[in-house]
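Residue-level listing of the chains:
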Amino acid sequence: KTLITQRMDRTFADSQARVVRLSDVQGDVQIDRNAGQGIEKAFLNLPITQGAKLHVGKDGRAEVEFEDGSTLRITPNTVIDFPQLSLRDSGTKVSAVHLQEGTAYVNFAGAKDDDFTLTFGHEKLALTQSAHLRVEMADAVATVAVFSGDAQVQSSSGTLDVSKNHTARFDLSD
């Protein structure tokens, strides 16, 4: 008799069960929740889910709060979307934010093992420890100003470390 054993590999998918919400809404703030309902008026404590897109008008402001207390403040005339908000098996929270236009302030708490990225143009800003910074996109130029902590920006020309009290400019037309 031969005993055959089979190894069962279990693959887990990332969960989209996250507690991300609009913690402040002032003026003209609209959201497309990626649920087939189009753009609607955003309101306080509205859950932000993967695939959502925020449009902040000329007189609007908004703040998104993450589970660890990290915040993303969005200024007037800004469009931002959330391509990934997930939770891995390991407990790591993955937050990917894309700044399409305008200005966003990030206050990242730097929770252990959390993965926070903000893309703008062709650049990707990765945060692994606490930081406070601003990303601003104009027509063909973007700036990253770091007020505290450090940030790494990856682009086609390599990786740039931006440290406290420094600003980096990126040519978006290239």
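Nothing here was measured: the structure is a model prediction, and the numbers come from that model. (Residues numbered from 1 in each chain as written. Predicted model: local features only at pLDDT ≥ 70, side-chain atom pairs only at ≥ 80, totals over all residues. Heavy atoms only, no water.)

Q: Got a minute to help me understand the overall build of the protein chain in this structure?
A: Across its full length, the protein chain carries 0 helices and 15 strands. Residues classed as buried in the protein chain amount to 37% of the 174 residues present. Sequence-distant contacts, at least 24 apart, represent 47% of the contacts inside the protein chain between residues at least 6 apart. Accessible surface, the protein chain as shown: approximately 10000 Å² in total, 45% of it carbon and sulfur. (Helix = DSSP H or I, 4+ residues; strand = E, 2+ residues; numbered from the N terminus. Buried < 20%, exposed > 50% of the residue type's maximum accessible area, 1.4 Å probe, protein only. Contact = heavy atoms within 4.5 Å. Areas by Shrake-Rupley, 256 points an atom, 1.4 Å probe, with all protein chains shown as cover.)

Q: What should I look at first to understand the confidence of the model for the protein chain in this one?
A: Interpretation of this model should avoid reading the predicted coordinates in detail wherever pLDDT is low. This prediction gives the protein chain a mean pLDDT of 88; 90% of its residues lie at or above 70. This model gives residues 1-12 a pLDDT under 50, and the stretch forms 1 contact once residues within four places in sequence are excluded. (pLDDT = per-residue confidence, 0-100.)

Q: Got a minute to help me understand the packing of aromatic side chains in this structure?
A: Note on aromatic pairs: each is described by the distance of the centres and the angle between the planes. Evaluation of the coordinates by the stated rule reveals 4 aromatic pairs. Between the aromatic rings of Tyr105 and Phe147, the centroid separation amounts to 6.4 Å while the plane-to-plane angle is 15°, which identifies the pairing as stacked. With Tyr105 in strand β8 (residues 93-108) and Phe147 in strand β12 (residues 141-148), this residue pair connects regions lying 42 residues apart in the sequence. Taking 5.7 Å as the distance between ring centres and 70° as the angle between the ring planes, the aromatic pair formed by Phe120 and Phe170 counts as edge-to-face. Remark: Phe170 occurs in strand β15 (residues 166-171) and Phe120 occurs in strand β9 (residues 115-120); sequence separation between them is 50 residues. According to the relative accessible area criterion, Phe120 is buried, its value standing at 0%. Put simply, the rings of Phe66, Phe108 and Phe116 pair up and form one aromatic cluster. The ring centre of Tyr105 lies 4.6 Å from the NZ or CZ of Arg73, which sits over that ring. (Phe/Tyr/Trp six-rings, centres within 6.5 Å; stacked < 30°, edge-to-face > 60°. Lys NZ or Arg CZ within 6 Å of the ring centre and 35° of its normal.)

Q: Can you walk me through the nonpolar core in this structure?
A: Across soluble globular proteins, you tend to see nonpolar side chains buried next to one another. Counting 41 residues, the largest nonpolar core has Val64, Leu72, Phe82, Leu118, Phe120 and Leu125 as the members making the most contacts within it. Considering every element that reaches this core, the biggest residue donor is β8, with 5 residues. (Core = buried A, V, L, I, M, F, W, Y, C linked by side-chain atoms within 4.5 Å.)

Q: Just to check I follow, could you spell out the environment of Arg18 for this structure?
A: Inspection of the secondary structure puts Arg18 in the segment before β1 (21-26). For Arg18 and Phe66, which are 48 residues apart along the polypeptide, the C-alpha to C-alpha distance reads 8.4 Å. Once residues within four sequence positions are removed from consideration, Arg18 is found in contact with Phe66, Glu67, Leu85, Ser86, Leu87, Lys93, Val94 and Ser95.

Q: What am I meant to see in the pattern of salt bridges here?
A: Any two side chains of opposite charge can pair, given that their charged atoms come close. As enumerated under the stated definition, the model contains 4 salt bridges in all. Close ionic contact of Arg21 with Glu65 constitutes a salt bridge, the shortest N to O distance being 2.7 Å. Here the residue Arg21 occupies a position in strand β1, and Glu65 occupies one in strand β5 (residues 61-65), the gap between them amounting to 44 residues. (Salt bridge = Lys/Arg side-chain N within 4 Å of Asp/Glu carboxyl O.)

Q: In this structure, what is going on with the environment of Asp81? I would like to understand it.
A: Mapped onto the fold, Asp81 is located in strand β7 (residues 78-87). Expressed as a C-alpha distance, the spacing of Asp81 and Thr119, which sit 38 residues apart in the sequence, is 9.9 Å. Look past the residues within four positions of Asp81 in its chain and what remains in contact with it is Ala52, Lys53, Ala96, Val97, His98 and Gln100. Side-chain polar atoms of Asp81 contact the side chain of Gln100, separated by 2.9 Å. (Polar contact = N/O pair within 3.5 Å; in protein donor to acceptor, adjacent residues only side chain to side chain.)

Q: Mind showing me how you'd approach unusual backbone geometry here?
A: Working note: non-glycine residues mostly have negative phi, and peptide bonds are mostly trans. The residue Asn45 is not glycine, and still its phi comes out positive at about 70°. Topologically, Asn45 is positioned in the loop between β3 (39-41) and β4 (53-56). By relative accessible area, which is 44% here, Asn45 ends up partly exposed. Residue Asn165 is not a glycine yet carries a positive backbone phi of 65°. Looking at where Asn165 falls in the secondary structure, it is placed in the loop between β14 (158-163) and β15.

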